[in-house]
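# Observations on the model geometry
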Amino acid sequence: RSSDLEPSGRVIINEVLANEPAINNTPNVAYEFVELVNVGGAPVDISGWSLSDSALSRHVFPAGTTLAAGKALVVFGGASGIPPGRTNAVRASTGALGLSNSSDTVSVRRQDATLVDQYAYSTTVDNVSDNRSPDADPNVTTFKLHDVVSPSGLTSSPGLRADFVLWDIRRPAE
């Protein structure tokens, strides 16, 4: 069950927004994001890990970056895309995520290039993220549109559970 912690740390890609919203009728790639969740029972040092699309490495986590057990960290395409008050979010170290709106593969790799997790998609919907379904379940590779996964039909929830509650995987599953 997604509410059970694994005994050691385990980081997964949980949510991806590749088709950013239009701001004043112009696409704003700062709002693209990738949400990582540690579904394990121990913190994970992700210093030096990279987040990539099928073309390039788009973000490298700086030294001292740790993802606590049961928590999420979100990488946005730019600082202006980070929702106000969201403390578990950073902007891409390269200045952009560059995710394709048609198809792409998002990968997380350790410093030694070992693959941690990846998500490939072939279609997107404007301003609707793809979310692992069930939310944060490391045993599935199925992603669905966020407005289907979210109990209230929300289009995305960067840094929060699909039901818009703060991350803490230890809480009972609903």
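Check the entry above for the structure.
Below: a short report on this structure.

The rules we used
Residues numbered from 1 in each chain as written. Predicted model: local features only at pLDDT ≥ 70, side-chain atom pairs only at ≥ 80, totals over all residues. Heavy atoms only, no water. Helix = DSSP H or I, 4+ residues; strand = E, 2+ residues; numbered from the N terminus. Buried < 20%, exposed > 50% of the residue type's maximum accessible area, 1.4 Å probe, protein only. Contact = heavy atoms within 4.5 Å. Pairing = 2+ DSSP bridges. Axes fitted to C-alpha atoms, helices over the stretch in contact; angles between N-to-C directions.

## Describing the side chain of Ser-133
Tracing the backbone shows Ser-133 in the loop between strand S13 (130-132) and strand S14 (143-145). Given the relative accessible area of 16%, Ser-133 is considered buried. With sequence-adjacent residues up to four places away left out, Ser-133 is seen in contact with Val-140, Thr-142, Phe-143, Lys-144 and Val-149.

## Describing the sheet that holds S13
Strand order in the open sheet made by the six strands is S10-S9-S4-S1-S13-S14, with mixed pairing throughout. Since the sheet does not close on itself, it has two edges, and those belong to strand S10 (89-91) and S14, each with one partner. Each neighbouring strand pair of the sheet contributes to a mean axis angle of 25 degrees, computed without reference to strand direction. One ladder, built from five bridges, connects strand S4 (residues 33-38) with strand S9 (residues 72-76); its direction is antiparallel. Bridge pairing in S9 places Glu-35 opposite Val-74.

## Quick look at the pairing of strand S11 (residues 104-109)
Relative to S11, strand S6 (residues 50-52) runs antiparallel, the two sharing three bridges. Counterpart to Ser-50 in the pairing with S11 is Arg-109. When S11 meets strand S12 (residues 115-121), the two strands line up antiparallel, connected through six bridges. Counterpart to Val-108 in the pairing with S12 is Asp-117. What sits between the antiparallel neighbours S11 and S12 is a turn of five residues, in which Ala-113 has the positive phi angle 80 degrees.

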